[in-house]
Amino acid sequence: MALLPIIHVPDPLLRQVAEPVAEITPAILKQLDDMAETMYDAPGIGLAAPQIGVMNRVIVMDCAKDEDGPELWKMINPEIIQLSEDTSKLEEGCLSIPGHVGEVERPASLRARFLDVDGNLQEMEADGLLAACIQHEIDHLDGVLFIDHLSRLKKNMIWRKVLKDAKSRN
Ligand code: NI
């Protein structure tokens, strides 16, 4: 396994739509392992392929609380098939937008479908943090970031800071 560099805003790759995985190859399995290692190392609770500059529809997540032990999800071509009408607000951050958080309102529970590492189609239900995390990671596959769900004012505030920080690094 290997740690992968995580890309940050305003990298334009984070705004592109990722391609579905056509075939689960050893390279895809290695990508999933490397992404999981990178996520745990960061540390983070979710990572989507575009965040390592790979434009395919692959995500990893582990939203388990410490006392429950690890619960690693590896999802290929994940899709949300049902969203609840009731919503909840949780504070979100993103490994690609370091130093910023915001309260995001999203559907509180959902059903999702994905391919597992053996190529089997799986369905799962999620609520709470896991539901927010899946929506956040699938957003990444469509070039959407959590700041897009904030008020225009809050988003502009974060974005101005992002651009200023990027400029001062160059
Ligand atoms: Ni993120």
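Data block above holds the structure.
A few points on the structure. (Residues numbered from 1 in each chain as written. Predicted model: local features only at pLDDT ≥ 70, side-chain atom pairs only at ≥ 80, totals over all residues. Heavy atoms only, no water.)

Regarding the coordination of the nickel ion
Protein ligation of the nickel ion involves C94 (SG), H136 (NE2) and H140 (NE2), the donor distances falling in the range 2.1 to 2.3 Å. All donors of the nickel ion belong to a single chain; written as a sequence motif, their spacing is C-x41-H-x3-H. Here H136 lies in helix 2 (residues 128-141) and C94 lies in the loop between strand 4 (87-93) and strand 5 (101-107), a separation of 42 residues in the sequence. H136 sits in the buried class, given a relative accessible area of 6%. (Donors = N, O, S within 2.8 Å, 3.2 Å for Na, K, Ca; no water. Helix = DSSP H or I, 4+ residues; strand = E, 2+ residues; numbered from the N terminus. Buried < 20%, exposed > 50% of the residue type's maximum accessible area, 1.4 Å probe, protein only.)

Considerations on the packing of aromatic side chains
Under the definition given, this model contains 1 aromatic pair. Ring geometry for W73 and F114: centres 6.1 Å apart, planes at 80°, overall edge-to-face. Taken as a pair, W73 in strand 3 (residues 73-83) and F114 in strand 6 (residues 109-115) lie far apart in primary sequence, 41 residues in all. (Phe/Tyr/Trp six-rings, centres within 6.5 Å; stacked < 30°, edge-to-face > 60°.)

Section: the pattern of salt bridges
Where charged atoms from two side chains of opposite charge approach closely, those side chains can pair. The final tally for this structure, using the stated rule, is 10 salt bridges. A salt bridge links D139 to R106, with the nearest nitrogen and oxygen atoms 3.1 Å apart. Placement of D139 in helix 2 and of R106 in strand 5 is noted, with a sequence separation of 33 residues between them. Grouping residues by exposure puts D139 and R106 together as buried. (Salt bridge = Lys/Arg side-chain N within 4 Å of Asp/Glu carboxyl O.)

Considerations on the sheet that holds strand 6
With respect to topology, 5 strands assemble into an open sheet ordered 1-2-3-6-7, the strand pairing being antiparallel. For this open sheet the edge positions go to strand 1 (46-48) and strand 7 (121-127), each flanked by a neighbour on one side alone. Across the sheet, the axes of successive neighbouring strands diverge by a mean angle of 40°, strand direction being ignored. Examined bridge by bridge, strand 6 and strand 7 share 7 bridges and lie antiparallel to one another. Bridge pairing in strand 7 places L115 opposite L121. In this fold helix 1 (residues 26-41) packs onto strand 1, strand 2 (58-61) and strand 3, with an angle of close to 40° to the strand it touches most, strand 2. Relative to strand 7, helix 2 is tilted by about 125°, and along the sheet it contacts strand 1, strand 2, strand 3, strand 6 and strand 7. (Pairing = 2+ DSSP bridges. Axes fitted to C-alpha atoms, helices over the stretch in contact; angles between N-to-C directions. Contact = heavy atoms within 4.5 Å.)

Brief notes about the layout of surface pockets
For the largest pocket, the calculated volume is near 300 Å³. Around the largest pocket, the lining is made up of 16 residues, and of these I45, G46, G93, C94 and H136 lie nearest the centre. When residues in the lining of the largest pocket are grouped by element, the largest group, 5 residues, is from helix 2. Its residues assigned to classes, the lining of the largest pocket shows 8 nonpolar, 5 polar and 3 charged. (1 Å grid on protein atoms, 1.4 Å probe; cavity = no way out; pocket = protein on both sides within 12 Å on 5 of 7 lines; lining within 4 Å. Points joined across faces, edges and corners; volume = space filled by probe spheres on them. Nonpolar A, V, L, I, M, F, W, Y, C, P; charged D, E, K, R; others polar.)

Function-wise, these values are silent; they only describe arrangement.
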